[in-house]
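Below, each chain spelled out in residue letters.
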Amino acid sequence: MEWINAIVQGVLLGGLYALFAAGLSLIFGVMRLVNIAHGDFIVLAAFLALSTTSALGVNPLLTLVIVVPVMAVIGYVLQRGVLNQTLGDDILPPLLVTFGLSVIIQNGLLEIYSADPQKMNAGAIETASLALPGNLNVGVLPLVMFGVSVAVIAGLQWVFYRSALGRAFRAVSDKQDIAQLMGLNKAHVFGLAMALSLAVVGIAGVFLGIRTSFDPSIGPGRLIFGFEAVIIGGLGNLWGTMIGGIILGVSQNIGAQINPGWQLLAGHIAFLIVLAVKPRGLFPRID
Amino acid sequence: MPEALLSTHGLNAHYGDFQALFGVDINIHAGEVIAIIGANGAGKTTLMRSITGLLANRPDMVTYRNTPIGALRADQVARTGIAMVPEGRQLFQSLSVEENLIIGGQIGRKGPWELEKVFRLFPILKERRAVPSTALSGGQQQMVAIGRALMSNPELILFDEISLGLAPIIIKSIYEVLPDIIGEGMSAVIVEQDIAKALSVAGRVYCMQEGRISLEGRSNELTREQISAAYFGV
Ligand SMILES: Nc1ncnc2c1ncn2[C@@H]1O[C@H](COP(=O)(O)OP(=O)(O)OP(=O)(O)O)[C@@H](O)[C@H]1O
Ligand SMILES: [Mg+2]
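Bear in mind the structure is a predicted one, so any value in this text is a computation, not a measurement.

Caption draft 1: How the structure looks around the interface of chain A and chain B. Listed by partner, the interface residues are 16 residues for chain A and 23 residues for chain B. Interface area for chain A against chain B, summed over the two sides, is near 1900 Å², with a carbon-plus-sulfur share of 57%. Of all residues in chain A, R167, L181 and M182 of chain A give up the largest surface area on contact with chain B, accounting jointly for 36% of the area buried on that side. At the surface where chain A touches chain B, the tally comes to two salt bridges. Residue R49 of chain B is joined to D177 of chain A by a salt bridge in which the shortest nitrogen-to-oxygen separation is 3.3 Å. Between the two partners, chain A and chain B, sit nine residue pairs in polar contact (both at pLDDT 80 or more). Looking at side-chain class alone, the side of chain A that touches chain B contains eight nonpolar, three polar and five charged residues.

Printed below as a string of structure tokens:
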């Protein structure tokens, strides 16, 4: 029973990892950019939510209304102001610049919020749980978060393959010059992609800050989880990323079940096994 | 002589240290079809890339309707009403046939061309509208590339070697529809290595050689000798 419980909790945790990963996957797909500061943006979003709840006295879940658009604007401005200038044939400049951003965000947060761990309290919903058949108890909040993750992935999938914006993303990703001939300004399209990526990061950050305690230093760890989920699932496949997140979450929880100290290790081992068996991930879409 | 629709003025172009165009002057008048011929590496594609904004120039080196457009980005040039069928077709491989066409029309210029009209011009594309563009034959891909350019309802359309790599019978059928397309009051530039093909549709010809215009004249007035001298530099 404990095992089944561990697996169920792992699946729900995997939803959060998929949220960590989705934005990473999106911008890699559109502009082949690896955002080293991605995890720090998640933490930044969590602190933004923290400040919003304490300023307005609202439930942290409601801060999504503010955090998500603010993160999207930050994404657009960052892309147009900084990251577009680093894109080119050389893949090193964007890595270096986003690495620098990571350091800046961490130190900025440390300066403002100190190194103390923080956590947001979402009220009664945090303790509510559903009794499932077979003596299984599932928290309502993790379930809601998982539902939101699935909806976000489905939404991104729709945007990417069914909307005019997604058509622009794919066209620019295929052939930047020719897309420009079609009247698409790639600088703007990239800005929109980063805005969407950081909007998802906004959701991930709020959820992170409600589920667990956080401090300015945990960004790189979230980046790793996001990376692993993307790679396990296969590059360029959003549902693959969801499955990657779930595999990671389940492995971590099974590891923790065996020995609490093995949680992270078990996740990394699962990642390495997938990489060894299928180096391009389980369901790759990008060559 | 009426004002030209598009002109280049002493247009130079560079790839790094390498200079590919040297003081190119050409004019295209409204409703006119011109051909640009020249051997491999003469600079024809470079000229097209300069006009469409894929290569940046000094503003006054390219003028369109008396406005300097030489320094505009390609997306801005596209909005002014210039479209290109690029060399090698260059379809978006992640997009279906229909999406490739739609994306050509998304700048939203008004005019006769829309999806159904492209499908009437090339009925086979309607049948294959949902397949990835990579699943088409070369000739069908060229139809998509032409349709994609038309979808923006351009005033000036540039065709860069539309016969490249296609079977003669396909080339023939594509050249058969060209007059219909251009008949709608559009101006056109046809870049070709096949001199006879180019002369058959264009009123005027420019010949390029090593980045320079080596000959200019009316298609029906130039002699074979003049053309081969300008083409091969003999
Ligand atoms: N991206 C590039 N970088 C460097 N040099 C280039 C580049 N593209 C073209 N060139 C050079 O510029 C010159 C003109 O090339 P361009 O492609 O314009 O010729 P073209 O007339 O279109 O030839 P073709 O008939 O083969 O298409 C050539 O010498 C070519 O090698
Ligand atoms: Mg060429």
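Caption draft 2: Region of interest: the pairing of strand β11 (residues 204–209) of chain B. Residue and element names in this part refer to chain B. Of all six residues in β11, five are buried; the element is thus mostly enclosed. Bridge count for β11 against strand β12 (residues 212–218) is six bridges, and the pairing is antiparallel. From the neighbouring strand, R204 faces β12, where its bridge partner is R218. Between β11 and β12, which follow one another and run antiparallel, lie two residues, and E210 among them has a positive phi close to 45 degrees.

Caption draft 3: Examining the nonpolar core more closely. Core analysis: the largest hydrophobic core is formed by 109 residues, its most contacted members being I36 and L47 of chain B. Examining the composition of this core, we find that 15 residues originate from one element, helix α8 (residues 186–211) of chain A, more than from any other. Excluding residues that lie within four positions of it along the chain, I36 of chain B makes contacts with I26, K44, L47, M48, V189, I190, V191, E192, Y206 and M208 of chain B.

Caption draft 4: Representation of the packing of aromatic side chains within the structure. Tallied over the full model, the rule gives seven aromatic pairs over all chains. Chaining the aromatic ring pairs together yields one cluster made of Y17, F20 and F225 of chain A. Above the plane of the ring of Y175 of chain B lies K197 of chain B, whose end atom (NZ or CZ) is 5.7 Å from the centre.

Caption draft 5: Just the environment of V230 of chain A, in detail. Residues and elements named next belong to chain A. Checked against the element boundaries, V230 lands in helix α9 (residues 219–233). Each C-alpha atom, one on V230 and one on V73, is 24 Å from the other, the two residues being 157 residues apart in sequence. If sequence neighbours within four positions are ignored, V230 has contacts with A21, L24, S25, L235 and T241.

Rules used throughout
- Numbering of residues starts from 1 in every chain and runs along the sequence as written.
- All chains are assigned letters beginning with A, and all ligands numbers beginning with 1, in the order in which they are written.
- The predicted nature of this model means local features are confined to residues of pLDDT at least 70 and side-chain atom pairs, given and counted, to a pLDDT of 80 or more, with totals for whole chains, interfaces and linings taken over all residues.
- Values shown for side chains rest on all heavy atoms present in the structure; no hydrogens or waters enter the calculation.
- Whether two residues touch is decided by their heavy atoms; if any such pair falls within 4.5 Å, the residues are in contact.
- Note on terms: buried area is the combined drop in 1.4 Å-probe accessible area of two parts once they are placed together, counting the loss on both.
- We count a salt bridge whenever a side-chain nitrogen from Lys or Arg sits within 4 Å of a carboxyl oxygen from Asp or Glu.
- Counting of polar contacts relies on pairs of N or O atoms within 3.5 Å, with two restrictions inside protein: one atom must be capable of donating a hydrogen and the other of accepting it, and residues adjacent in sequence are counted only when both atoms are side-chain atoms.
- When residue character is reported, Ala, Val, Leu, Ile, Met, Phe, Trp, Tyr, Cys and Pro are called nonpolar, Asp, Glu, Lys and Arg charged, and the others, Gly included, polar.
- When a residue's accessible area, from a 1.4 Å probe over protein chains only, is under 20% of the maximum for its type it is buried; when over 50% it is exposed; and in between it is partly exposed.
- In this text, helices come from DSSP runs of H or I with a minimum length of four residues, and strands from runs of E with a minimum of two, each type numbered from the N-terminal end.
- Criterion used throughout: strands pair if DSSP finds at least two bridges between them.
- The nonpolar core is taken to be a set of buried Ala, Val, Leu, Ile, Met, Phe, Trp, Tyr and Cys residues, with the residues joined through side-chain atoms within 4.5 Å.
- Each pair of aromatic rings taken from Phe, Tyr and Trp, with Trp reduced to its six-membered ring, is defined by centres within 6.5 Å and is described as stacked if the planes are under 30 degrees apart, edge-to-face if over 60, and tilted in the remaining cases.
- Look at NZ for Lys and CZ for Arg. If either is within 6 Å of the ring centre and within 35 degrees of the ring normal, a charge sits over the ring.

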